[in-house]
Amino acid sequence: MKLARFIAAVLVLAFLTVAGIVAWTRSAPEDGLPYVSDDQGRALILRGFNTAGSAKGTPDGLPEFTEADLDREYRDMGTNFVRFLLQWRAVEASPGTYDTKYLDKVAERVRWYAKRGYHVMLDMHQDLWGSGITPEGGAGNGAPGWATHLDGLPVATKQPTWEMFYLEPGVIRAFDHFWNTTGDHPELMDHYAGAWKAVAARFKDEPAVLGYDLMNEPWGGSVQGATFETGPLAELYRRCIAQIRSVDTDSWVFLEPQAVGANWGLPSALPHFDDPRSGPSRIGFVPHLYPLPLDLGDDYTAGSRQWTDRTIGWWRDNTLRTAKRIGGPVILGEFGLDMTRPGSADLVGRVQELGLSMSYWSRDPGVWGPYDDKGKPTPLVDVYNRAYPRAVGGIPQKISYAGKALTVVFDANETGPTEFYLPARDFPKGGTPSVGTATWDPARRILTVTTKTSGIVTLTITPT
Ligand code: MNI
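Residues numbered from 1 in each chain as written. Predicted model: local features only at pLDDT ≥ 70, side-chain atom pairs only at ≥ 80, totals over all residues. Heavy atoms only, no water.

(A) Quick look at the packing of aromatic side chains. Per the stated rule, a full pass over the model turns up 27 aromatic pairs. Plain terms: the ring middles of Tyr237 and Phe273 are 6.0 Å apart, the flat faces sit at 65° to each other, and that makes the pair edge-to-face. Placement of the pair is Tyr237 in helix α8 (residues 232-245) and Phe273 in the loop between α9 (259-262) and β7 (283-285), with a sequence separation of 36 residues. Residue Tyr237 is classed as buried on the basis of its relative accessible area of 0%. (Phe/Tyr/Trp six-rings, centres within 6.5 Å; stacked < 30°, edge-to-face > 60°. Helix = DSSP H or I, 4+ residues; strand = E, 2+ residues; numbered from the N terminus. Buried < 20%, exposed > 50% of the residue type's maximum accessible area, 1.4 Å probe, protein only.)

If you want it as structure tokens, here you go:
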């Protein structure tokens with residue numbers, strides 16, 4: 001096992017080196033990506049959590065999460081975003097029938113967020129296809145049992161790490177049926193797209209719902225890489241886009257690349273998609289980031305820190321390149337790690353400095369999350385609780401931090417005031433803007449700043 005790990009590490013680092021050299025010799029696109037905007041047209045900077053991994057295993061498919069938990073999250077970290085996990089098995093428990101009671105319960109949770117000014121991205125989650133891949137049901141999640149066809153192929157129930165289940169013959173076959181690689185179950189993809197239509201029909205009029213993350217961490221089964229991303233994955237996305245747009249022309253559709261490779265910073269071959277709505281396309285890119293040295297068990301220290309920084313650089317370049325091709329904004333859908341390990345807090349800070357909208361993996365209690373099993377804050381709370389512009393009255397050009405001060409440069413476009421979340425630790429009495437007029441909401445810790453409505457604005461907020 002040790003040797004296998006070493007070989008895997010060497011192979012992947014070799015790949016990353018090649019990808020890195022390729023990325024280096026091409027110019028990295030820096031700007032010109034659109035932003036997700038709110039109903040006033042302001043650019044949104046999103047900070048939040050995946051909520052929650054527990055939805056994978058609960059019988060009703062809902063996360064273990066209360067309205068009081070959300071209040072605490074806002075109080076402690078001032079988030080404005082959630083990547084909320086859905087389960088296909090809960091949406092479409094029997095073929096062609098959509099569970100309105102489940103969708104009502106999701107809607108109830110969406111309203112908790114809406115009441116507090118959050119934006120919600122609904123994520124059709126899966127790992128390892130579905131719970132039907134093993135008899136006990138504890139390995140995979142997502143797909144309903146009726147959509148799980150293993151054809152009697154084996155799935156060994158003991159694996160050195162959970163990802164290894166993806167290589168089991170039965171799991172590969174379940175995916176091959178879904179992608180219609182086998183030709184035996186062409187109906188499955190349309191069921192999935194139909195489930196999305198049902199979700200979109202339910203949430204199209206909920207302004208807090210920003211959009212839909214079509215599939216978590218896609219895996220191609222026996223078809224991999226560019227062949228998968230430009231073939232069956234693109235086909236699934238086209239069908240889902242068509243179904244969603246038949247009922248909802250306004251929400252964003254968010255696309256993930258194949259997880260293997262892209263999670264580590266390798267390029268994705270995901271193509272451009274036409275958005276059949278009038279007005280500008282609303283299709284965005286939501287990759288994940290799991291730097292390989294950490295996946296292999298290292299900490300963000302010493303030599304591993306250098307490799308991690310390099311992989312983050314390649315991830316950024318390759319992500320922006322794919323987003324350019326798609327023509328949409330980027331949200332970092334998942335990034336997370338064990339916060340009790342050395343260097344973890346530094347790494348979260350490093351990832352925040354990419355300046356992207358993001359949802360941390362995840363909100364669940366434990367060493368990765370903001371609160372441990374006893375509800376005590378982990379070191380994540382302190383790093384994640386950082387001043388940021390929640391909504392910007394123009395096109396952001398640059399966001400930078402100098403000590404406690406925060407500067408945002410934007411091209412004003414008459415869309416409304418700029419809003420900042422300012423944590424009590426750094427801004428105990430609120431903040432003072434370098435230009436414009438401000439109102440301070442001490443309960444929500446939000447500073448709203450009205451500036452000129454056209455031209456470049458450089459707005460610095462310092463502690464009052
Ligand atoms: O690290 C992964 C990951 C590794 C390998 C593979 N394949 C071999 C297909 C797929 C995914 N995923 C990271 C995180 N994503 C889930 C939720 O989406 C979390 O539980 C993982 O930590």
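(B) Representation of the site of the ligand in the model. Lining the immediate environment of the ligand, one finds 15 residues, of which His125, Tyr166, Asn216, Glu217 and Glu334 sit closest. His125 places a polar side-chain atom, nitrogen or oxygen, 3.2 Å from an oxygen atom of the ligand. Within the contact set of the ligand, an oxygen atom lies 2.9 Å away from a side-chain nitrogen or oxygen of Asn216. Coverage of the ligand by the protein amounts to 89% of the 520 Å² it exposes when considered alone. (Near = heavy atom within 4 Å. Polar contact = N/O pair within 3.5 Å; in protein donor to acceptor, adjacent residues only side chain to side chain. Areas by Shrake-Rupley, 256 points an atom, 1.4 Å probe, with all protein chains shown as cover.)

(C) Molecular detail of the domain arrangement of the protein chain. Each assigned domain of the protein chain is listed here: domain 1 (3-34 + 44-386) and domain 2 (387-464). Using C-alpha coordinates to define each centre, domain 1 is positioned 30 Å away from domain 2. Counting from both sides, the interface comprises 15 residues of domain 1 and, opposite them, 13 residues of domain 2. Contact between domain 1 and domain 2 buries roughly 1,300 Å² in total, counting both sides, with carbon and sulfur atoms accounting for 45%. (Domains from an automatic or database assignment. Contact = heavy atoms within 4.5 Å. Buried area = accessible area lost by both parts, 1.4 Å probe.)

(D) Molecular detail of the pairing of strand β11 (residues 394-402). Note: β11 against strand β12 (residues 405-413), eight bridges, orientation antiparallel. Within β12, the position partnered with Ser400 by the bridge is Thr407. The antiparallel hairpin formed by β11 and β12 contains two residues in its connecting segment, where Gly403 sits at a positive phi of about 60°. (Pairing = 2+ DSSP bridges.)

(E) Summary view of the environment of Leu167. Of note, Leu167 is situated in the loop between β4 (119-125) and α5 (169-178). We classify Leu167 as exposed; its relative accessible area is 53%. Remark: the alpha-carbon pair of Leu167 and Asp39, spanning 128 residues in sequence, is separated by 44 Å. Apart from residues lying up to four places away in sequence, Leu167 is in contact with Ile172 and Trp219.

(F) Inspection of the pairing of strand β6 (residues 252-255) at higher detail. Here β6 shows a buried face lined by Trp252 and Phe254 and a second buried face lined by Val253 and Leu255. Pairing between strand β5 (residues 209-213) and β6: three bridges, direction parallel. Each bridged residue has a counterpart across the sheet, and for Asp213 the counterpart in β6 is Phe254. Relative to β7, β6 runs parallel, the two sharing three bridges. Bridge pairing links Leu255 to Phe285 in β7.

(G) The arrangement of helix α11 (residues 302-326) in detail. With 25 residues, α11 extends 36 Å between its outermost C-alpha atoms, agreeing within 8% with the 36 Å of an ideal straight helix rising 1.5 Å per residue. At the exit of α11 stands Gly327, carrying a positive phi of roughly 80°. (Expected span 1.5 Å × (residues − 1).)

(H) Highlighting the sheet that holds strand β16 (residues 446-450). As summarised here, the arrangement of the five strands in space is β1-β10-β13-β16-β15, forming an open sheet in which the pairing is antiparallel. Both outer strands of the open sheet, β1 (43-44) and β15 (437-441), are each paired with one neighbouring strand and no more. The pairing of strand β13 (residues 418-421) with β16 spans four bridges and is classified as antiparallel. From the neighbouring strand, Thr418 faces β16, where its bridge partner is Val449.

(I) Expanded view of the environment of Gly78. Tracing the chain through its elements places Gly78 in the loop between α2 (67-77) and β3 (81-87). Judged by relative accessible area, which is 0%, Gly78 ranks as buried. Once the C-alpha coordinates of Gly78 and Ala402 are considered, the two residues, 324 residues apart in sequence, prove to be 20 Å apart. Excluding its chain neighbours within four sequence positions, the residues that come into contact with Gly78 are Glu73, Tyr388 and Tyr421.

(J) Examining the environment of Thr311 more closely. Residue position: Thr311 is located in helix α11. According to the relative accessible area criterion, Thr311 is buried, its value standing at 0%. Residues Thr311 and Gly265, spaced 46 residues apart in sequence, show a C-alpha to C-alpha distance of 5.9 Å.

(K) Highlighting the sheet that holds strand β17 (residues 454-463). Pairing is antiparallel across the open sheet formed by four strands, whose spatial order is β11-β12-β17-β14. One side of each edge strand has no neighbouring strand; the edge strands of this open sheet are β11 and β14 (431-433). Sheet twist, expressed as the average angle between the axes of neighbouring strands with direction ignored, equals 20°. (Axes fitted to C-alpha atoms, helices over the stretch in contact; angles between N-to-C directions.)

(L) Examining the packing of helix α4 (residues 100-115) against helix α6 (residues 187-203) more closely. Between α4 and α6, the shortest axis-to-axis distance is 11 Å and the interhelical angle comes to 45°. Taken together, the axes of α4 and α6 are oblique relative to one another. Between α4 and α6 the crossing geometry is right-handed. Contacts from Leu103, Asp104, Val106, Ala107 and Val110 in α4 reach Ala198, Val199, Arg202 and Phe203 in α6. (Parallel < 35°, antiparallel > 145°, perpendicular 65-115°, else oblique. Left-handed = near helix turned anticlockwise from the far one by under 90°.)

(M) Main features of the confidence of the model for the protein chain. Residues at a pLDDT of 70 or more form 93% of the protein chain, whose mean pLDDT is 94. Note that residues 21-29 has pLDDT below 50 and, in this model, twelve contacts with residues that lie over four places away or in other chains. (pLDDT = per-residue confidence, 0-100.)

(N) Examining the nonpolar core more closely. If you look at the biggest cluster of nonpolar residues, it comprises 110 residues, and the most contacted ones within it are Leu122, Phe178, Trp196, Phe203 and Phe335. It is α6 that contributes the most residues to this core, nine residues altogether. When residues are assigned to domains, this core turns out to be shared by domain 1 (3-34 + 44-386) and domain 2 (387-464), each giving three or more. Setting aside its immediate chain neighbours within four residues, Leu122 contacts Phe84, Leu86, Val106, Val110, Trp196, Val199, Phe203, Val209, Gly211, Tyr212 and Asp213. Counting residues in each nonpolar core, the second largest holds eleven residues, with Leu46, Phe81, Trp252 and Phe254 among its members. (Core = buried A, V, L, I, M, F, W, Y, C linked by side-chain atoms within 4.5 Å.)

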